[in-house]
Amino acid sequence: MAVFLEEIRKYRTSRIVAALERATDSLNLDFSQKRSALIKPNLVTGKRPRSAVVTHPCVTEAVVVFLRERGVTEITIADGPGIGLDSDWVFEKSGYTALARKLDVPLVSFNDLPRRTRTWKYGEIGVPELLEDVDLYVNVPKLKTHGYSTMTLSIKNHKGMLSQEDKKLDHQLGLHEPLVEQAKLRPADLIVLDGIVGLEGDGPLNGRPVRSGIFAVSTNMLELDAAAAGLAGIDPREIAHLRIAEEQGLGTLSPEIIGSAPRHSFMRANEKFGRVARIYSWRDPTACSMCIDAFSGAVSLAVKDPRNWFTLAPKLLYWGLIGRLHILQGRHAKLPQAKGKVICFGKCTRDMAKREGLVHVPGCPPTVHDVVKTLRREL
Ligand code: SF4
C-alpha cells in the first residue's frame with residue numbers, strides 16, 4: 001500500500017476533486033462495485049471550519065462529488081461528536097447541516113444509529129450497523145495535535161463511531177491500545193486527510209490553525225497517519241497508538257509515498273497541562289475530551305453572555321492574571337504542587353474532591369451551565 005500526497009493551499013471543491021482523481025490513478029483504486037458509502041469527518045465539537053478543529057466541509061463535499069462521479073449513489077455523512085454534546089448543534093456550528101442540505105445527503109449522528117455487539121479484546125463493544133454494511137467507509141480526518149495521543153489522524157478519528165459509554169471506557173482502558181483494537185474492527189476503505197489547514201498546540205479542541213497545505217489519500221489508516229505525522233514534524237514512532245498498530249501488523253510506519261506535500265513543524269500540545277495565563281488544566285489520560293473542554297465552554301459563555309459580564313468574567317480575569325486556578329479531571333487526577341485554587345470536574349474526581357475538601361462540579365461530563373454556576377459561586 002502507499003500514501004498519495006499533494007500540496008493544496010485553498011479550500012476549493014473542484015481543486016480537491018481533481019486531487020482525488022489523481023490519487024485514484026496513482027493508487028490504482030477501483031470503485032466500480034461500490035454503491036454505498038459512509039463518510040466520517042472529524043466533528044468532535046461545535047466549532048467553525050476556520051477553527052481547524054473540524055474537518056473542513058469543503059473536503060467532505062469534494063469526497064461526495066468525487067464518489068457520485070464514480071457511481072456511488074447511497075452516501076451518508078456520519079459522526080458521533082464528543083461526549084455530552086448535542087449532535088445537531090455540532091453539525092450546525094461546523095457547517096455540516098448546510099452542507100448536507102446543499103448536497104442532499106443524509107447527515108446522521110452515530111449516537112442515534114443501531115449497533116451490533118461485537119467481541120473485542122476488552123469484552124463487548126457496539127459497532128454501528130451502517131458502518132459495517134456500507135460498501136465503502138471513507139474516513140476524512142483533520143490533521144491536529146492532541147494532548148493525549150500526540151496527534152489525531154485517521155485511527156483516532158475512527159473513535160468517533162463509538163457509543164458515548166464506550167468512548168468513556170476507552171480513556172479508562174488507556175486509550176492507545178483500544179484505538180488500535182477499534183481500527184481492526186472496521187478498517188476504513190479510503191482515507192482522505194484534511195491537512196490543508198491543520199491545528200497545532202493545544203489540540204484537539206483548542207490550539208492554533210496552521211496553513212500547512214497537506215492533502216493525503218490512502219487505503220491504509222496507519223500508513224496515512226504515519227506519513228502525515230512525519231510531514232507535521234513528529235516521528236510516528238513517538239505516537240503510541242501508531243507504534244502499537246505497526247506491531248499488530250496494521251501496516252508500516254515507513255510507507256511508500258507517491259507525490260509530495262509541504263513539511264511544517266507543528267507545535268505539540270503540552271502533555272502535562274493546557275494553560276491560558278495563570279489558569280492550568282492538568283492532563284490525565286483517563287479524562288475524556290469533553291470533561292476537559294467544559295471549562296473552555298464556560299469561559300466562552302462568560303465572554304458572550306452579558307449576564308456573566310459583571311459576575312463571572314471579572315472573577316476569571318482575576319484568577320487568570322493575578323491568582324492561579326487549577327482544573328482537574330479524570331480518574332487518576334493528581335493534586336498540583338503549585339499553589340492556587342483547585343476545581344475538580346466530573347464524576348471521576350468526586351471522591352478526590354470530597355477527600356481533599358476541594359470545589360467539585362458534578363456530571364459526566366459536567367455541563368457548561370453547571371460549570372458556570374459553580375465558578376460564579378466559588379471564585
Ligand atoms: S467524569 Fe469526565 S472524565 Fe470521567 S468518565 Fe465522565 S466525562 Fe469522562
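Residues numbered from 1 in each chain as written. Predicted model: local features only at pLDDT ≥ 70, side-chain atom pairs only at ≥ 80, totals over all residues.

Remarks on the overall build of the protein
How we decide: Helix and strand assignments come from DSSP, with helices taken as H or I runs of at least 4 residues and strands as E runs of at least 2, each series counted from the N terminus. What the globule rule says is 2.2 Å times the number of residues to the power 0.38, and the radius of gyration is computed from C-alpha atoms. With C-beta atoms placed from the backbone, a residue is buried if 20 or more other C-beta atoms are within 10 Å of its own, exposed if 12 or fewer are, and partly exposed between those counts.
Looking only at helices and strands, the protein features 14 helices and 18 strands. For the protein, whose C-alpha radius of gyration is 21 Å, the value lies close to the compact-globule estimate of 21 Å for 379 residues. Its C-alpha atoms put the protein at 65 × 45 × 40 Å along the principal axes. Across the 379 residues that make up the protein, the buried fraction comes to 50%.

Focus on the site of the ligand
Here is the rule: Being near a molecule or strand means, for a residue, that its backbone-placed C-beta atom lies within 6 Å of it. Polar here means any residue other than Ala, Val, Leu, Ile, Met, Phe, Trp, Tyr, Cys and Pro, which are nonpolar, and Asp, Glu, Lys and Arg, which are charged; Gly is therefore polar.
In the neighbourhood of the ligand, 13 residues make up the surrounding shell, with Cys288, Cys291, Gly346, Cys348 and Cys364 lying closest. When the residues that make up the shell around the ligand are grouped by side-chain class, the tally is 8 nonpolar, 3 polar and 2 charged.

Focus: the environment of lysine 47
Positionally, lysine 47 belongs in the loop between strand S2 (36-41) and helix H2 (57-69). On the basis of neighbour counts, which here come to 17 C-beta atoms within 10 Å, the residue lysine 47 falls in the partly exposed class. In sequence terms lysine 47 and valine 217 are 170 residues apart; their C-alpha atoms lie 25 Å from each other.

What about the nonpolar core?
So the rule is basically this: By definition, a nonpolar core groups buried Ala, Val, Leu, Ile, Met, Phe, Trp, Tyr and Cys residues that connect through C-beta atoms lying within 7 Å of each other. Residue ranges assigned to each domain were obtained from an automatic or database domain assignment.
In terms of nonpolar packing, the biggest core is built from 109 residues, with Val63, Val138, Leu193, Ala216 and Ala228 touching the most fellow members. If you count residues domain by domain, this core takes at least three from each of domain 1 (2-259) and domain 2 (273-378).

What to know about the domain arrangement of the protein
Using the following cut-off: Residues are scored as being in contact if the C-beta atoms we place from backbone atoms lie within 7 Å.
Parsing the protein into structural domains produces domain 1 (2-259) and domain 2 (273-378). The distance between the C-alpha centroids of domain 1 and domain 2 comes to 30 Å. Listed as interface residues are 17 residues of domain 1 and, on the opposing side, 12 residues of domain 2.

Description of helix H10 (residues 240-247)
Operational definition: The arc in question is the one spanned by the directions pointing from the helix axis to the C-beta atoms.
Taken residue by residue, H10 has His241, Leu242 and Ala245 as its buried positions. Angular distribution of buried residues about the axis of H10 spans 100°; they occupy a single face of the element. Looking at the buried residues of H10, the elements they touch are helix H6 (154-157), helix H8 (176-185) and helix H9 (221-231). Trailing H10 by a residue or two, glycine 249 shows a phi angle of about 85°, which is positive.

Considering the sheet that holds strand S16 (residues 325-329)
Operational definition: In short, DSSP must find at least two bridges between two strands for them to pair. Lines fitted to the C-alpha atoms define the axes, with helices restricted to the stretch that makes contact. Angles between their N-to-C directions range from 0 to 180 degrees.
As summarised here, the arrangement of the 5 strands in space is S14-S15-S16-S17-S18, forming an open sheet in which the pairing is mixed. Single-partner strands in this sheet number two, and they are strand S14 (273-276) and strand S18 (359-361). Looking at each pair of strands side by side, their axes are set apart by 20° on average, direction ignored. Pairing geometry for S16 and strand S17 (residues 341-345), over 5 bridges, is parallel. Of the residues in S17, the one forming a bridge with histidine 326 is valine 342. Strands strand S15 (279-282), S16 and S17 of the sheet are contacted by helix H11 (residues 289-304), whose axis makes an angle of about 150° with S16.

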